[in-house]
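For reference, the chains in residue letters:
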Amino acid sequence: MSESNNAETRIEDWVAKEGKAKRRKKWLWILLLIAAVVLIVAIVILIWNIVKKNKKFEPLKDITYLSGLDVMCGPNGIAPMEDGSFLVTDVFGKKIWKADKNGASVYAGATTEKDPSGEPLGGYKDGSLEESLFKEPWAIIPFLDGFAVSDTENNAVRLVRGDCVETINGSSDVLEMGDMGVIFDQPTGLAADDLGRLYVADTGRGTIYVITEQGRVEVFEEGLNRPMGICWADGALYVAETGENRILRIKDGTMIVFAGTGEEGDEDGLATMASFASPQGVCASDNGVLYVSDTVNGTVRRIKDGMVDTILEYSGKELSTYPTMPVGMCYKNKALYICDVFSRRVYILETKE
């Protein structure tokens, strides 16, 4: 082989080696960049976890409660009255109480016999406030010129108006009908829109029904997993989908996941990354801030500007001072009213919005 050919071969070998070296160097930089990104993400996660573990909640010294409710009352739902007091559903005593900061008295529901454990049996009866009977009055909201009440065990929706109680289950050509109208399957949450329509979370069927102004019952949304607390705000229905640990928003026929991954947990942060544990109550403030009773976690959560944070939680203190099993809520005059079945109290938390 000639000397020129040998030189050309050596040059080609050198060029090939240089190319390999450059490629190795390029991949080395890529790997270093990936490692740096992973390291930064790990540091951010570590800092976030440290911040979360050391997060300080505002002192609850300003929290108060509605007094005068019987010690055996199991408050579950609450609605404001025009005179400044509140109506509270009692799932233990099977009654409805009228309460304020100064005291409380039975508003509707007669006294019934008790079972062997001492819990009133309740019943089903329309009529005067004093003679009416409920089996499990769950939610209550202002509706028409009175208050709608979901009577879960009776599979009925009742209307407390004036001095009497009546059933307003409505009619349907496709749903099973009984003596009192449509037979619901464990109705729980209630909400009313600006047009006078009533929304019912039919937990047993996984369906949200709407009772129109004409009294017809129509499907609003179906295929849900145990929907419970619902509220109407800014043209949308918000749903605590208890069985899926998340909050939904239904507006203009479109349903989206408003908050929650669907996994059970108690993570704060971005609404899409936050987690809940069987939330059963939801309500909105005048400014559109959403509050959630995260029932199994024993906390109250806030959804604002796409973020979820915990504003109230039990932290090992006296049970009577901190909610432990919050359910129904309502918002009035910059204060959040929280029904706690376990603690048997209605707590009042100033939101300072």
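Refer to the structure printed above.
Report on the accompanying structure.

**Quick word on the overall build of the protein chain**
Along the backbone of the protein chain there are one helix and 28 strands. Across the 353 residues of the protein chain, 46% fall into the buried class. A separation threshold of at least 6 residues defines the contact pool for the protein chain, and within that pool the share at least 24 residues apart is 44%. For the protein chain, the computed accessible surface area is about 18,400 Å², with 53% contributed by carbon and sulfur atoms.

**As for the packing of aromatic side chains**
For the coordinates displayed, the defined rule picks out six aromatic pairs. Arranged with centres 5.0 Å apart and planes meeting at 75 degrees, the rings of Tyr199 and Phe220 form a pair that is edge-to-face. With Tyr199 in strand β14 (residues 198-202) and Phe220 in strand β16 (residues 217-221), this pair connects stretches of sequence that are 21 residues apart. The exposure class assigned to Tyr199 is buried, which follows from its relative accessible area of 2%. Considering the side-chain rings of Tyr238 and Phe258, the 5.2 Å spacing of their centres and the 70 degrees angle between planes classify their relative orientation as edge-to-face. Of this pair, Tyr238 sits in strand β18 (residues 236-241) while Phe258 sits in strand β20 (residues 254-259), and the two are 20 residues apart along the sequence. Judged by relative accessible area, which is 10%, Tyr238 ranks as buried. Judged by its relative accessible area of 24%, Phe258 falls in the partly exposed class. Taken together, the aromatic side chains of Tyr199, Phe220 and Trp232 make up a single cluster linked through ring pairs. Over the ring of Phe276 we find Arg301, and its NZ or CZ is 4.8 Å from the ring centre.

**As for the pattern of salt bridges**
Scanning the model with the defined rule gives 13 salt bridges in all. Here Arg158 makes a salt bridge to Asp126, at a shortest N to O gap of 2.9 Å. Here Asp126 lies in the loop between β5 (103-108) and β6 (127-128) and Arg158 lies in strand β9 (residues 156-161), a separation of 32 residues in the sequence. With relative accessibility at 0%, the residue Arg158 sits in the buried group. Of the charged contacts, one joins Arg161 and Glu166 as a salt bridge, the two residues approaching to 2.7 Å between their closest N and O atoms. Shared partners join several salt bridges into a network, and the residues in it are Asp126, Asp151 and Arg158.

**Section: unusual backbone geometry**
For residues besides glycine, phi is generally negative; the peptide bonds are generally trans as well. Phi at Asn245 is positive, roughly 55 degrees, even though this residue is not glycine. Along the polypeptide, Asn245 turns up in the loop between β18 and β19 (246-251). Residues other than glycine seldom take positive phi values, yet Asp305 does so here, at roughly 55 degrees. Here Asp305 lies in the loop between β24 (299-304) and β25 (307-313). Accessibility expressed as a relative area gives 72% for Asp305, which makes it exposed.

**Brief notes about the sheet that holds strand β8 (residues 146-151)**
Within the open sheet, the five strands sit side by side as β6-β10-β9-β8-β7. Their pairing is antiparallel. Two strands lie at the open edges of the sheet, namely β6 and β7 (137-143), each paired on one side alone. Examined bridge by bridge, β6 and strand β10 (residues 164-167) share two bridges and lie antiparallel to one another. Residue Gly127 lies in a different strand from β10, and its bridge partner there is Val165.

**Observations concerning the side chain of Thr295**
Within the fold, Thr295 resides in the loop between β23 (290-294) and β24. Among the polar contacts made by the side chain of Thr295, one reaches the main-chain amide nitrogen of Gln280 at a distance of 3.3 Å. Leaving out residues up to four positions away in the same chain, Thr295 has contacts with Ala277, Ser278, Pro279, Gln280, Thr324, Met325, Pro326 and Val327.

**Here we look at the state of the cysteines**
Formally, a disulfide is one covalent bond, and it connects the sulfur atom of one cysteine to the sulfur atom of another. For the structure shown, the criterion picks out zero disulfides. This cysteine, Cys73, is not joined by any disulfide, and Cys339 carries the nearest cysteine sulfur, 8.4 Å off. Free cysteine: Cys283, not disulfide-bonded; nearest cysteine sulfur from Cys231 at 6.6 Å. Overall, the relative accessible area of 6% leaves Cys283 in the buried class.

**Concerning the side chain of Asp151**
Structurally, Asp151 can be placed in strand β8. Among the polar contacts listed, one links the side chain of Asp151 to the side chain of Arg158, at a separation of 2.8 Å. Apart from residues lying up to four places away in sequence, Asp151 is in contact with Gly123, Leu133, Phe134, Lys135, Glu136, Pro137, Ala156, Arg158 and Pro187.

Here is what the cut-offs are and how they apply
- Residues numbered from 1 in each chain as written.
- Predicted model: local features only at pLDDT ≥ 70, side-chain atom pairs only at ≥ 80, totals over all residues.
- Heavy atoms only, no water.
- Helix = DSSP H or I, 4+ residues; strand = E, 2+ residues; numbered from the N terminus.
- Buried < 20%, exposed > 50% of the residue type's maximum accessible area, 1.4 Å probe, protein only.
- Contact = heavy atoms within 4.5 Å.
- Areas by Shrake-Rupley, 256 points an atom, 1.4 Å probe, with all protein chains shown as cover.
- Phe/Tyr/Trp six-rings, centres within 6.5 Å; stacked < 30°, edge-to-face > 60°.
- Lys NZ or Arg CZ within 6 Å of the ring centre and 35° of its normal.
- Salt bridge = Lys/Arg side-chain N within 4 Å of Asp/Glu carboxyl O.
- Pairing = 2+ DSSP bridges.
- Polar contact = N/O pair within 3.5 Å; in protein donor to acceptor, adjacent residues only side chain to side chain.
- Disulfide = S-S within 2.5 Å.

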